[in-house]
Amino acid sequence: MEYGSLSMPPRVVLSANAVAVAAGVSKNWVYRAIDIGVLSEPCFAADVIVVKVYRVLSQFVWPDKPRQRSVKHDLDTWQIAALNAARDAVTDQRTTAETTLYVLPNAVHVVNSRLERAQLEASDPAGEEPAPLDAQMALRMPIGRWIDELPSVLAKTPKSAPRRGAAARRGASR
């Protein structure tokens, strides 16, 4: 595991299909993200991480803020903040494989090391001061690990979907 800044691939343009494949999600998630403005076309490497985070956040409901799943909802401020933090982490020089995104109902934290995670999660050694996360619900995502894996995932991912006409012609010639 590397403990410096991660090396990102050059700015590669990806199709919506390539983003979905690299993120391990259905193309529908990418198209939903584009429809509501989370992503724009063309897509890039950072969008793979954003879609992974978006998929989790769009389905997540805080226990004290129930909502109906059958009703279409706009993104809440906490979701937008988390998606922007995830996008920024992809190109942040401080990002490491240890980088973790903490999403709370009223805040977002990005920490880049185990020490920073411990400072966020643990009270002081004497136990006199509470930890910043004490008595709070938080969703924790290992975005540093996802970002670290991104270059190898993108190397195996087709950059665009096959054109329908070309696929139909190949199928007809068999």
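Remember, it's a predicted structure, so these values are computed and weren't measured experimentally.

Within the protein, the regular secondary structure consists of 7 helices and 3 strands. Here the protein holds 174 residues, and the buried ones make up 36% of them. Counting every atom, the protein has about 10,400 Å² of accessible surface; 50% of that belongs to carbon and sulfur.

For the structure shown, the criterion picks out 4 aromatic pairs. Both rings, one in Trp29 and one in Tyr54, keep their centres 6.0 Å apart while their planes meet at 75°; by these two values the pair is edge-to-face. Separated by 25 residues along the polypeptide, Trp29 in helix 2 (residues 27–35) and Tyr54 in helix 3 (residues 45–59) bring together distant segments of the chain. Take Trp29 and Tyr54: they sit in the same class, and that class is buried. Here the basic side chain of Arg32 rests over the ring of Trp29, its NZ or CZ set 4.4 Å away from the ring centre. Positioned over the ring face of Trp146 is Lys52, at 4.9 Å from the centre of the ring.

Take the confidence of the model for the protein next. For the protein, per-residue confidence averages 83 on the pLDDT scale, and 81% of positions sit at 70 or higher. Ignoring residues within four places in sequence, the model shows residues 165–174, a span with pLDDT below 50, making 2 contacts including any to other chains.

Here the focus is the environment of Asn28. If you trace the backbone, Asn28 turns up in helix 2. For the pair Asn28 and Ala16, spaced 12 residues apart in sequence, the C-alpha separation works out to 9.4 Å.

Within the open sheet, the 3 strands sit side by side as 2-1-3. Their pairing is antiparallel. Strand pairing shows two members of the sheet lacking a second neighbour, strand 2 (107–111) and strand 3 (139–141), which therefore form its edges. Pairs of neighbouring strands in the sheet enclose a mean axial angle of 15°, with direction left out of account. Two elements, strand 1 (residues 100–104) and strand 2, share 5 bridges in a ladder whose sense is antiparallel. For Val103, the partnering residue across the bridge sits in strand 2 and is Val108. Sheet strands in contact with helix 3 are strand 1 and strand 3, and its direction is about 160° off that of strand 3. Helix 5 (residues 114–121) rests against strand 1, strand 2 and strand 3 of the sheet, and its axis sits at about 145° to strand 2.

Another point: the environment of Asn106. By secondary structure assignment, the location of Asn106 is in the loop between strand 1 and strand 2. Of the residues examined, Asn106 reaches a relative accessible area of 65% and is grouped as exposed.

Looking along the chain, the bond that leaves Glu41 and enters Pro42 is cis, with omega of 5°. In this structure, Pro42 sits in the loop between helix 2 and helix 3. Even without being a glycine, Ala135 presents a positive backbone phi close to 60°. Positionally, Ala135 belongs in the loop between helix 5 and strand 3. Among the residues examined, Ala135 registers a relative accessible area of 89% and is labelled exposed.

What counts, and at which threshold
- Residues numbered from 1 in each chain as written.
- Predicted model: local features only at pLDDT ≥ 70, side-chain atom pairs only at ≥ 80, totals over all residues.
- Heavy atoms only, no water.
- Helix = DSSP H or I, 4+ residues; strand = E, 2+ residues; numbered from the N terminus.
- Buried < 20%, exposed > 50% of the residue type's maximum accessible area, 1.4 Å probe, protein only.
- Areas by Shrake-Rupley, 256 points an atom, 1.4 Å probe, with all protein chains shown as cover.
- Phe/Tyr/Trp six-rings, centres within 6.5 Å; stacked < 30°, edge-to-face > 60°.
- Lys NZ or Arg CZ within 6 Å of the ring centre and 35° of its normal.
- pLDDT = per-residue confidence, 0-100.
- Contact = heavy atoms within 4.5 Å.
- Pairing = 2+ DSSP bridges.
- Axes fitted to C-alpha atoms, helices over the stretch in contact; angles between N-to-C directions.

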